[in-house]
Amino acid sequence: MSDHNDVRELAKRRGFFFQTSEAYGGTGGFFTFGPTGATLKRNVEEAWRQQFVVKEGNMEIEAPTVMAEPVFEASGHLDGFDDMLVGCPECDERTRADHIVEDAPETGIEEAESLPTDRVGEIIAEHGLTCPNCEAPLAGQEVTEFNLMFETTIGPGSGQSGFLRPETAQGIFVEFPRLKEYARNKLPFGVTQIGRSYRNEINPRKGLVRVREFTQAELELFIDPESDEPPLEKVRDVEVTLYPQAAQEAEDGQPVEMAIGDAVDDGIIASDWVAYYLGIAKRWYEQIGIDMGRFRYRQHRSGELAHYAADCWDAEAEVGGDWVEITGFAYRSDYDLHKHQEHSGEGNSYEVFHEYDEQKTVERPVVDPDMSVLGPEFGDAAPAVAEALQELAERNPSAFEEEEVTIEVKGETVNISTDVAGFRYEEQTETGEHRRPHVVEPSFGIDRIVYALIEHAMRVEAAENGQSDRQFLALELSVAPQFAGVFPMESRNGVQAVANDLVDDLRDAGVEAMLDESGSIGRRYYRQDEVGTPFCITVDPAGLDGEGPDVVTLRERDTTDQVWVPLDKVVDVLVRLQAGSISFDELRDQYPLRGSNQTEPIGFA
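Residues numbered from 1 in each chain as written. Predicted model: local features only at pLDDT ≥ 70, side-chain atom pairs only at ≥ 80, totals over all residues. Heavy atoms only, no water.

This next bit is on the pattern of salt bridges. Within the structure shown, the criterion is met by 45 salt bridges. Salt-bridge contacts for Asp529 lead to Arg470; the nearest nitrogen and oxygen are separated by 2.9 Å. A residue pair is termed long-range when its members are at least 10 positions apart, and Asp529 in helix α18 (residues 521-530) and Arg470 in strand β23 (residues 470-473) qualify at 59 residues. A single burial state applies to Asp529 and to Arg470, both of which are buried. Each member of the salt-bridge network shares a partner with another, and the members are Asp83, Arg96, Asp98, Glu201 and Arg210. (Salt bridge = Lys/Arg side-chain N within 4 Å of Asp/Glu carboxyl O. Helix = DSSP H or I, 4+ residues; strand = E, 2+ residues; numbered from the N terminus. Buried < 20%, exposed > 50% of the residue type's maximum accessible area, 1.4 Å probe, protein only.)

Below, the structure is given as structure tokens:
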């Protein structure tokens, strides 16, 4: 099994990712994706887009990465987006306190994030845990909360306070009033976004696993909780590995293998919508190459649930011996829309009008305050008093059974006579009602998924006859950063020209291909294997000098098998391989296999 050092060494050497600004000593928590990594990441994003935008029929937007302070005040991020921080009294190193507890085998605690800060401090003292930097004792050091958002100023001078977004979701929620119009005010509808997010992590670590700038792919599905149901039958039989809260809390609890439908029927997954996306995502992870033997869904325990979540499951992949969250699936109820509706003062713009099948006659509490009394007493504040009275009537009509009602207007408590309020019930004919949607959110960490794909794809084959072991990435064809390498065996006899033309033709056909003409054929295969290139094409004189049609050698990465393919058909073959309309196994049956001792093409006479 590979570890973080293996992945980072390969990633740096072969251009997947490396620390940013290394010439200046590097900046912790920031990584640059190199040529192969940027393409791999883009392919993962496109695979996600095909599944969660195109196939699921959702919209996609792109919102700014900087948003004003009121947005995050409404969302709760200013008060509740914190990690635990402990400082070392000797070296002044600031460290994630919950990670210190989790990394110490003697505590036996795998998940400390849900514990209170004072309890984490007690555990550090009880076990004599030390600073990971200098090993000084941390007992007695205060464990505090540290807000993870990057603050900035919008505009010159003092400007307007803003923040780099810690998630892409708020850029969707805050624009709901306009987005619902694009959905023609019909539920359910989904809005997606792929983009950068920022979190000022206390201890960035383990490559792309914990960074300060990263890419998220999020779907916010807006539903009517009273009437909208997911097409659960599509995923009912999907087998998943679940690690429920009860199993985590049991002394000998273990993950369980079961079908999505059974998990819903047994009440293990509370939300049908969350269950649906767990099934859809499981298939997607398999498609892009996550090792299902190193994958599970873990339910959040009650203490670690986000402030907005009614139920939440994490997709976790095992990388470097650790279980790492790569996606969160949350039922966010109406928390976000309610908060933005409340803080923005936009009334029912964060609701959707639901039309009844038939008109209804209902009794509604209303007030008709005596403005001849309120005007002289409250002056310009009289309209605000009347509005507060109506809000109270709708919220708590029984309050008007007393002689006086108490309301709050502009921060002051006011008592109003019930007679002056003019409270009554009146019959109203209604054609529908405004409903605030609930939200189901699958949130994917693209960088972590890329990291997991690289580690899960790493293979090492022991060599024979004293040769070096072969290391390669068995990446799925759909995400491999490069689909074909073209190797001219020599620069004479027209071989180089044929190779150059072949690369051009492949690129024109939409196949990611590169010309590699440096070093021995073995070294070239080694380079392409390490970046996960599925197919290599060798152009050599043996295939061009025969009496029959010109042929080239096509080599498959995982098996290293090679077949002779006519030169005039090789572009079409690669296009079909890329589209998945033909497999290499079928090519073995269709074209002659090149043996290890064979130097002349056969089968095309």
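Regarding helix α12 (residues 335-344), the residues found buried are Tyr335, Asp336, Leu337, His340 and Gln341. Structurally, α12 contributes buried residues whose contacts are with α3 (69-75), α7 (169-173), α8 (176-182), β11 (213-223) and β16 (322-333). Phi for Gly345, located one or two positions after α12, is positive at around 70°. (Contact = heavy atoms within 4.5 Å.)

To continue, consider the packing of aromatic side chains. Following the criterion strictly, the structure yields 26 aromatic pairs and no others. A centroid spacing of 5.9 Å and a plane angle of 15° characterise the contact between Phe176 and Phe189, whose relative ring orientation is stacked. Of the two residues, Phe176 is situated in helix α8 and Phe189 in strand β10 (residues 189-198); the sequence distance between them amounts to 13 residues. The exposure class of Phe189 is buried, given its relative accessible area of 7%. On the basis of an interplanar angle of 80° and a centroid distance of 5.1 Å, the ring pair of Phe295 and Tyr297 is categorised as edge-to-face. The exposure classification of Phe295 matches that of Tyr297, with both residues buried. (Phe/Tyr/Trp six-rings, centres within 6.5 Å; stacked < 30°, edge-to-face > 60°.)

Mapping Glu316 onto the fold places it in strand β15 (residues 311-319). Polar side-chain contacts of Glu316 include one of 2.7 Å to the side chain of Arg296. Among the polar contacts listed, one links the side chain of Glu316 to the side chain of Arg298, at a separation of 2.9 Å. Ignoring sequence-local partners within four residues, the contact set of Glu316 consists of Arg294, Phe295, Arg296, Arg298, Trp323, Val324 and Glu325. (Polar contact = N/O pair within 3.5 Å; in protein donor to acceptor, adjacent residues only side chain to side chain.)

The next point concerns the sheet that holds strand β6 (residues 94-96). Read across the sheet, three strands follow the order β6-β5-β7 without closing on themselves; strand pairing throughout is antiparallel. Two strands lie at the open edges of the sheet, namely β6 and β7 (143-147), each paired on one side alone. Sheet twist, expressed as the mean angle between neighbouring strand axes with direction ignored, is 45°. Here strand β5 (residues 82-87) pairs with β7 via five bridges, running antiparallel. Of the residues in β7, the one forming a bridge with Asp83 is Phe146. Docked against the sheet, helix α6 (residues 117-126) engages β5 and β7, running at close to 130° with respect to β7. (Pairing = 2+ DSSP bridges. Axes fitted to C-alpha atoms, helices over the stretch in contact; angles between N-to-C directions.)

Running from N to C, helix α17 (residues 495-508) and helix α20 (residues 570-579) point in directions that differ by 40°, and their axes come no closer than 10 Å. As far as their axial angle goes, α20 and α17 are oblique. Crossing hand, α17 versus α20: right-handed. Facing α17, whose interface residues are Leu502, Asp505 and Leu506, α20 presents Val570, Val571 and Leu574. Counted by class, the contact of α17 with α20 contains five nonpolar, no polar and one charged residues. (Parallel < 35°, antiparallel > 145°, perpendicular 65-115°, else oblique. Left-handed = near helix turned anticlockwise from the far one by under 90°. Nonpolar A, V, L, I, M, F, W, Y, C, P; charged D, E, K, R; others polar.)

What follows is about the nonpolar core. Counting 70 residues, the largest nonpolar core has Phe17, Trp284, Tyr285, Tyr297, Phe329 and Phe444 as its most contacted members. For Tyr285, the contacting residues outside a window of four places in its chain are Ile290, Met292, Phe295, Tyr297, Ala315, Ile326, Thr327, Phe329, Phe444 and Ile449. Residues Ala499, Ala513, Val565 and Leu587 belong to the second largest nonpolar core, which totals 27 residues. (Core = buried A, V, L, I, M, F, W, Y, C linked by side-chain atoms within 4.5 Å.)

On the surface, Asp237, Glu239, Glu257, Asp262 and Asp266 cluster together into a patch of negative charge. As for its placement among the helices and strands, Glu257 is situated in strand β13 (residues 256-259). (Patch = residues over 30% accessible without salt bridge, like charges linked within 9 Å, V, L, I, M, F, W, Y side chains within 5 Å. Areas by Shrake-Rupley, 256 points an atom, 1.4 Å probe, with all protein chains shown as cover. Lys, Arg positive; Asp, Glu negative; His and termini not counted. Charge placed at Lys NZ, Arg CZ, Asp CG, Glu CD.)

Moving on to the sheet that holds strand β21 (residues 438-445). Spatial ordering of the open sheet is given by β3-β10-β11-β21-β16-β15-β14-β12-β13, a layout of nine strands whose pairing is mixed. On the outer flanks of this sheet lie β3 (59-60) and β13, each paired with one strand and no other. In terms of strand pairing, β11 meets β21 through six bridges, oriented antiparallel. What sits directly across from Ile223, in β21, is His438. Against the sheet, helix α2 (residues 35-55) engages β3, β10, β11 and β21, with an angle of about 160° to β10. Relative to β15, helix α16 (residues 446-457) is tilted by about 35°, and along the sheet it contacts β10, β11, β15, β16 and β21.

Relative to each other, helix α1 (residues 4-13) and α16 sit at 100°, their axes nearing to 10 Å. When the axes of α1 and α16 are compared, the pair comes out roughly perpendicular. Counting all contacts with α1, which are made through His4, Val7, Arg8 and Leu10, the residues of α16 involved are Tyr451, Ile454 and Glu455. Of the residues in the contact of α1 with α16, the class split is four nonpolar, one polar and two charged.

By themselves, these observations are geometric and do not establish any function.
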